[in-house]
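The chain contents come next:
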Amino acid sequence: MTVIVSQLFTGVSIGAVLLLIALGLSLTFGQMGVINMAHGEFIMAGAYTVYVLQKVITGAGWSLLIALPIAFAVAGAMGVLLEFLLIRRLYARPLDTLLVTWGVSLILQQAARDIFGAPNVQTRAPDALTGNIRITDDLVLSNNRLFILALAALAVVALTVVLRFTSLGRRIRAVVQNRDLAAVSGIPTGRVDRLTFFIGSGLAGVAGVALTLLGPIGPTMGTNVIIDAFLVVVAGGIGHLKGSVIVAFALGTLQSLIEYSTTVSVAKVLVFVAIVAFLQWRPQGLFTLRTRSMA
Amino acid sequence: MYSLRGRRTGALLIAVALALTACGSKTGENESSSSGAVADTSGDTVKVGLLNSLSGTMAISEVTVRDSIKLAVEEINASGGVLGKKLEPISEDGASDWPTFAEKAEKLIKEDRVAAVFGCWTSASRKAVKPVFEENKALLFYPVQYEGLEQSPYIFYTGATTNQQIVPGLDYLKSQGKTSVYLVGSDYVFPRTANKIIKAYAAANGMTILGEDYAPLGSTEFGTIVNKVKASKASAVFNTLNGDSNVAFFKEYKSAGLTAATMPVVSVSIAEEEVKSIGTQYLADQLTAWNYYQTTPGAANEKFVKAYKAKYGADKPTSDPMEAAYVSVYLWKAMVEKAGSFEVAKVKAASDGVTFEAPEGTVTIDGATQHIYKTARIGKVGGDGLITEVWNSGSPVKPDPYLKGYAWATGLS
Amino acid sequence: MDGLKVRDLHVSFDGFQAVDGVDLDVAPGDIRFLIGPNGAGKTTLVDAVTGLVKATGSVHFGDKELLGRPVHQIARMGVGRTFQTATVFEELTVLQNLDIAAGAARRPWTLLRRRKAIPAVVTDALETINLTTQRDQLAGTLAHGQKQWLEIGMLLVQDVPLLLLDEPVAGMSHDERDATGALLGVVSRDRTVVVIEHDMDFMRSFARTVTVLHAGKVLSEGSVAQVQADPRVQEVYLGQGTRDA
Amino acid sequence: MTSTVERPVSAPPAASRRRFVSKAPLRAGAGLAAAAVLLFAVAPVALSDFRLSLLAKYLCFAMVAVGIGLAWGRGGLLTLGQGVFFGLGGYAMAMHMKLADAGPGQMPDFMLLYGQLDALPWWWAPFRSPYFALPATVLLPMLVAFLLGSLVFRRRVRGAYFAILSQALAAALAIFLIGQQGTTGGTNGLTDFQGFFGYDLDDPVNQRMVYFIVAGSLLALLLIARQLIKSRYGELLVAVRDSEERVRFLGYNPANVKLVAYVVAAGMAGLAGALFVPAVGIINPALIGIVPSIEFVIGVAVGGRATLLGPVIGAVAVAWARTTLSEEFPAAWTYLQGLLFVLVVAFLPGGLASVYRLLKERRHGRA
């Protein structure tokens, strides 16, 4: 029983990590149909922000908190730059953006290698986040995972508020639903695109800060997580926050439960099979925007 | 249009004809079909090959090995070279890709005509180049601890085989009364083979194995595995994870409330360099099994550490695979000098009993297995990021890649 | 020749009833115009008939039920359509466009060979749509009107008994409109035709019967004169302030 | 969904396009003839044994590229998982060669070492027969592509969805193979082959024979691709790429049209994988995963995705650049690879094949 509870907790927290990574992707994917393969490298940028910051600020707790907004800004700025320099020219060719951003991701990885060195770097987590909350002797909830869960929840809430209740959000949604119509309605789609990219990439930076608590910080850290995040977005449905949230937690739980009873490899393969099966049922993902216009 | 088509058909016909007429020897038909590439030793210099991943995922580890090989080559050149000839290192990038390793090995042997090649890290890259070296009758010096069960006539193994690292690690756990063990490893040859050996050892030594889990290489999600480890209430964990996974594993381990005091982890792939990237916050007091640490006492090591730091930076630690790579160049030099020739057959013949005062202590080549006698050392990670020895085997352990000297190991290979 | 019979057709988008219980009978050989203000559900109706959107109710062409079948099967049952924005294969030549339209029934083996000769229907269609000289030009480089004609030409060679045309003259110059009208005359011989159109002059010249849709429902039906005289139609159009009211 | 439909490459001006279309068959024919001469007459004479075996490896990649050119360049199916089919073909061949090396009734060496199996796994057994293994190298990938393709195309999973799914498939298969170490060799893959249908692979003469087989196969694949592109099917495939819905309204099922291209591309990758094994001497999961699968695509993009010979030239050029540059500047190669992706795809979507055309247009523009 304890085992099932702690596995569920693990599953939910895997889901939270997936969600944190997928949120930004979902936004940019949904907005522009842009598959940003460099998203993983924005995560990496967020993680390195913590590393650099800790050279200046020694207190682990403060440095992590301060890193959150800075990582958001750093990764967001990289996203805007990417949008401005390349993606802007490729909106008509979504598949080509996939390849172009893959190229960008290679360059960013190598740049990280040249700047920070090929080996993983070390960051310090505040003591409060390396401990855990003991429920029973066997059941403990680790603080770093609780923190990430909270962070993911916060990100979802913040993003929902922005999309629902601000004029920027209304514009973003308008552009998602009908770019041409939005443009003729006087919405500066170019600026909206850039802002969307800023927020989406910024969220990757935040995810990067969170990942320093869990895993390695190195040039290839982004590639480890990006495919799973894409699957979340695809299965969740383009441009649907709700879909990403549900699918992320479903996948996380599924993964952790299969993993427990079989092996990590088998779990990965089965999760993939599950997604193909799911897309058979809902080829456009869990939620879809339905319009009458022809493809 | 028609003339073009005609020409094309003609070309195809030629191809078929060539393929049919140019058939070479059948397998087993002609023993001397390949005489092997001969090293070019005609000039003032002799080329040696350095084959390491300088890009890709393995670059993290392999660049340091390349650096220490270069250090050895420079030192040897500064002291007059080998048989009066200076060494000319040719460095190739295996790019963390096994077919590329095979390709570059072939290039070093056939195009550059090097006298010996130093390098490779993963078992997969070694398996990929092994046929190349055997086919061309060229020498490879492999500097990393590995899973044993191999003995190629053209490879010298200067890292530990299982009875010089894993078995001592288990002996140490047993001596500490840690008799229930959980096995965690990356999903590839070394951990799987190591764990096979561990299970055989456990069966014969009254240890129980409470579980065995593998994570794909590069996997960074250890929630489930750590849950399983915790639930098993093992007295120790034997860790054969590699690379990035270690970082995630130890972060998870600590946040689950597991510590070195309650459930120590013995790692066989975490050296000083990895400690640096994981952080002592997570690793303090955990155990490692190697043959060399930066802190290993002795004049030879002091000299090595000092030279390495002088060349590559004071913050660069030295580690076991780096030391084994460094030593491999000196061992080759000693073999060549004993043989009085660069010729592979003669060098091989001269290998048995060649010794070198290495940073890890005296090492001796066992000609029969082409492995070396090494001292086993258990270390503990300190707060300063260095590893200090807590136990050693006293004298160099004879290499036994097939574990023939261990009764419990019969049937393993 | 068969007619089209639509009964109690419903299409909803996330709760919004785009088509809300439409009954429609188009007699064999009729040229029926569908008019109505924007959002009346005209295109959605055509989408439902051709299988592009899910719908409930029934759509019979002759004695065959169309609803629930995939798009390509409905097309093979003899229903052809065009789109508001001309959809031709821009990276293929005019000839290739027509050849593909003529070939849905080709066997796989024929498909895997090159085109040895131009099928007679294609040559005829090229003449009819007046694009013989542009035969080897990529369709993407055609003028707007020419693309519309090419699309109609594709319907011609496809040789379907029921045609659904979505705003075939939208955005055309006066001359182009006349030429399209003439084309339509040719095409509608021996075929049942349904046309969505906003252009009232065009409608007056070609429609035999008219159905007015409003808010997903049939508002009025009959000859051009009948419909024009219908006060409800006038009210809807004036109320909406649409162009040709 | 509008956002998931791939749009064709932006259109160059009318005059040049027309010329391109009408001259294309002749030029492709001449190109094929030139390629044949280069591969069969020039390369074997001009290159050392080592370089020739490298070329054989590049040509295997080029064979994959021919398939990608068909599926992606012509059909708009960005398949980021060709490594899967390459791997299936490679493993099928490698399993046979391992069994042939082991001898009748024996098990492959690595299985004894790592597998601790009592008997050969049942799914290995049929590969002992060359009459099963050889066709399997091509048919097995085609079967997998058929199953996956019929599932996803019928449900209209396309564009980015398809690309990401195909990529995930590559990742999943690689992880799966790694996990089955006892029966697949794990990360090590299958290596250390002695013979190829009885011929000693150590013998340089036999290595040349392998090269000729690879080169001949590549030419054969080019002829197949050419026939497909020139046929009515090829036109239909482009039509599906341009507007899938329109094709559907003409009474075709686009799923079948795409399926053919996908299955053929898979078969080509399978054959490439099968020949890669004797040519290079190894097959392993790292050749299947995400990275190599994307790298297959870069060659195609660089050469010119929509042309017949472009993908071949691109694949060989990129592989060659990789070998040469990584010998000198390993770090620079990663930058260059990234830049190639960015610059070619973003600013030269027609690839190298379009450079000639662009230059000519510019000259015309000036005159």
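Computed from a prediction, not measured in an experiment: that's the story for all the values here.

1. Some details on the interface of chain B and chain D
- On the chain D side, the residues contacting the 50 residues of chain B number 51 residues.
- Carbon and sulfur atoms make up 60% of the area that chain B and chain D hide from each other, which totals about 4,500 Å².
- Here Asp192(D) and Lys130(B) are joined by a salt bridge, their closest N and O atoms 3.2 Å apart.
- Here chain B and chain D share 9 residue pairs in polar contact (both at pLDDT 80 or more) between them.
- Elements with a contribution of two residues or more to the side of chain B that touches chain D: helix H1 (2-21), strand E2 (86-93), helix H3 (98-111), helix H4 (123-136) and helix H6 (189-205) of chain B.

2. Quick word on the confidence of the model for chain B
Residues and elements named next belong to chain B.
- With 91% of its residues at a pLDDT of 70 or more, chain B shows a mean pLDDT of 89.
- The model gives residues 30-34 a pLDDT under 50, and that stretch makes 7 contacts with residues more than four places away or in other chains.
- Both scores are available for the predicted complex, with the pTM at 0.89 and the ipTM at 0.88.

3. Notes on the nonpolar core
- If you look at the biggest cluster of nonpolar residues, it comprises 375 residues, and the most contacted ones within it are Phe249(B), Trp332(B), Leu150(C) and Tyr211(D).
- Two domains share this core, each providing at least three of its residues, namely domain 1 (3-160 + 314-373) and domain 2 (163-295 + 375-409) of chain B.
- Those residues in contact with Leu150(C), other than ones at most four positions away along the chain, are Val88(C), Val94(C), Asn97(C), Leu98(C), Ile129(C), Leu131(C), Ala139(C) and Leu142(C).
- Counting 29 residues, the second-largest nonpolar core is a separate cluster that includes Leu24(C), Leu45(C), Ile74(C) and Ile196(C).

4. A look at a positive patch on the surface
All names here are of chain A.
- On the surface, Arg 164, Arg 170, Arg 173 and Lys 242 cluster together into a patch of positive charge.
- By secondary structure assignment, the location of Arg 170 is in helix H7 (residues 167-177).
- Classification of Arg 170 as partly exposed rests on a relative accessible area of 47%.

5. A closer look at the environment of Ala346(D)
- By the element assignment, Ala346(D) lies in helix H14 (residues 330-347).
- Residue classification places Ala346(D) among the buried positions, given a relative accessible area of 10%.
- Sequence-wise, Ala346(D) and Gly289(D) are 57 residues apart; in three dimensions their C-alpha atoms are separated by 25 Å.
- Discounting residues that sit within four places of it in the chain, Ala346(D) has contacts with Leu86(A), Leu90(A), Arg93(A), Val100(A) and Phe341(D).

Cut-offs and rules
All chains use their own residue numbering, which begins from 1 and follows the written sequence. Whichever chain is written first is A, and whichever ligand is written first is 1; the rest continue in order. With the structure being a predicted model, the display of local features is reserved for residues of pLDDT at least 70 and the display and counting of side-chain atom pairs for 80 or more, all residues being used for whole-chain, interface and lining totals. Working from all heavy atoms in the structure, the side-chain values ignore hydrogens and water. Contact between two residues is taken to exist if any of their heavy atoms lie within 4.5 Å; hydrogens are not considered. Buried surface area refers to the total accessible area, computed with a probe of radius 1.4 Å, that the two partners give up upon joining, counted for both partners together. Here, a salt bridge means any side-chain nitrogen of Lys or Arg that lies within 4 Å of a carboxyl oxygen of Asp or Glu. We define a polar contact as two N or O atoms separated by no more than 3.5 Å, with the added condition that, inside protein, one atom must be a possible hydrogen donor and the other a possible acceptor, whereas residues neighbouring each other in sequence contribute only through side-chain atom pairs. Secondary structure follows DSSP: runs of H or I at least 4 residues long count as helices, runs of E at least 2 residues long count as strands, and numbering of each begins at the N terminus. Values of pLDDT, which run from 0 to 100, indicate the predictor's confidence residue by residue. The definition of a nonpolar core used throughout is a set of buried Ala, Val, Leu, Ile, Met, Phe, Trp, Tyr and Cys residues joined through side-chain atoms within 4.5 Å. Exposure is judged per residue with a 1.4 Å probe applied to protein chains only, and the accessible area is read against the type maximum: over 50% gives exposed, under 20% gives buried, and values in between give partly exposed. For the domain bounds, the source is a domain assignment made automatically or taken from a database. What goes into a patch is any residue over 30% in relative accessible area without a salt bridge, connected to like charges within 9 Å or, for nonpolar side chains (Val, Leu, Ile, Met, Phe, Trp, Tyr), within 5 Å. Surface exposure here means Shrake-Rupley accessible area, sampled with a 1.4 Å probe, where a residue is shielded only by the protein chains that are shown. When charges are tallied, Lys and Arg are placed among the positive residues and Asp and Glu among the negative ones, while His and the ends of the chain are skipped. Where a charge lies is defined by one atom per residue type, namely NZ (Lys), CZ (Arg), CG (Asp) and CD (Glu).

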